[in-house]
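Each chain, written out:
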Amino acid sequence: MTSSATPLPAQPGRDARQDSEYVRRDTCSIFVWAEPLRGWRRVQALTQRTKFDRAGQVKQLLTVDYPNAETVVLVMDNLNTHGIALLYEAFEPGEAFALAQRLEIHHTPKHGSWLNISEIELSALSRQCLDRRISDLATLNTELAA
């Protein structure tokens, strides 16, 4: 981690000061899908987290992970990309409607998103494979899949 500001040295009557802000380099977004009672999770790292990335993840969940499920129940926090509308922005209306009809969405309480099972999954991943800097997305996704 690299600080974004030069530390200020101590002066008479004043302690040294160092800004805790840091320069982020090579960051990514990690999408987590989990079905805890089945012991299943899918995790994928992407370079960003746009509504279109999220829509693609939902489509994969419905068409690849659960292609035969009549309804898929999603429990998630209140992030602005966690709604049905993003499907209509990312896909043609007919496809968006077909995907949306198979979803049942439940949001965690606004100030209780830390209860989200994804946070528990990310904590487990942190202990299993994210306890060090991983320099590229391909390696990260290999580690996440393992």
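Residues numbered from 1 in each chain as written. Predicted model: local features only at pLDDT ≥ 70, side-chain atom pairs only at ≥ 80, totals over all residues. Heavy atoms only, no water.

Under the annotation held in an unreviewed UniProt entry, the protein chain carries the name Tc1-like transposase DDE domain-containing protein and is attributed to Lentzea pudingi.

Asker: Now, about the overall build of the protein chain: what can you tell me, with residues and values included?
Answerer: Helix and strand content of the protein chain: five helices and six strands. For 146 residues, the compact-globule formula gives about 15 Å, and the C-alpha radius of gyration of the protein chain, at 20 Å, lies well above that figure. Projected onto the principal axes, the alpha-carbon positions of the protein chain cover approximately 70 × 30 × 25 Å. Counting across all 146 residues of the protein chain, residues that qualify as buried make up 28%. With the model as given, the accessible surface of the protein chain reaches about 10000 Å², and the carbon-plus-sulfur share is 51%. Each charge class in the protein chain was averaged separately, 16 positive and 18 negative side chains, and the resulting centres sit 4 Å apart. (Helix = DSSP H or I, 4+ residues; strand = E, 2+ residues; numbered from the N terminus. Rg over C-alpha atoms; globule rule 2.2 N^0.38 Å. Buried < 20%, exposed > 50% of the residue type's maximum accessible area, 1.4 Å probe, protein only. Areas by Shrake-Rupley, 256 points an atom, 1.4 Å probe, with all protein chains shown as cover. Lys, Arg positive; Asp, Glu negative; His and termini not counted. Charge placed at Lys NZ, Arg CZ, Asp CG, Glu CD.)

Asker: Describe the confidence of the model for the protein chain, naming the residues involved and giving the relevant values.
Answerer: Within the protein chain, residue pLDDT values average 85, and 91% of them lie at 70 or more. Confidence, read as mean pLDDT per element, is least for strand β1 (residues 2-3) in the protein chain (56) and greatest for helix α3 (residues 93-100) (97). (pLDDT = per-residue confidence, 0-100.)

Asker: Tell me about the pattern of salt bridges, residues and numbers included.
Answerer: On inspection of all chains with the given rule, the structure shows six salt bridges. As a salt-bridge pair, glutamate 35 and arginine 38 come within 3.1 Å of each other at their nearest N and O atoms. Among the residues examined, glutamate 35 registers a relative accessible area of 28% and is labelled partly exposed. (Salt bridge = Lys/Arg side-chain N within 4 Å of Asp/Glu carboxyl O.)

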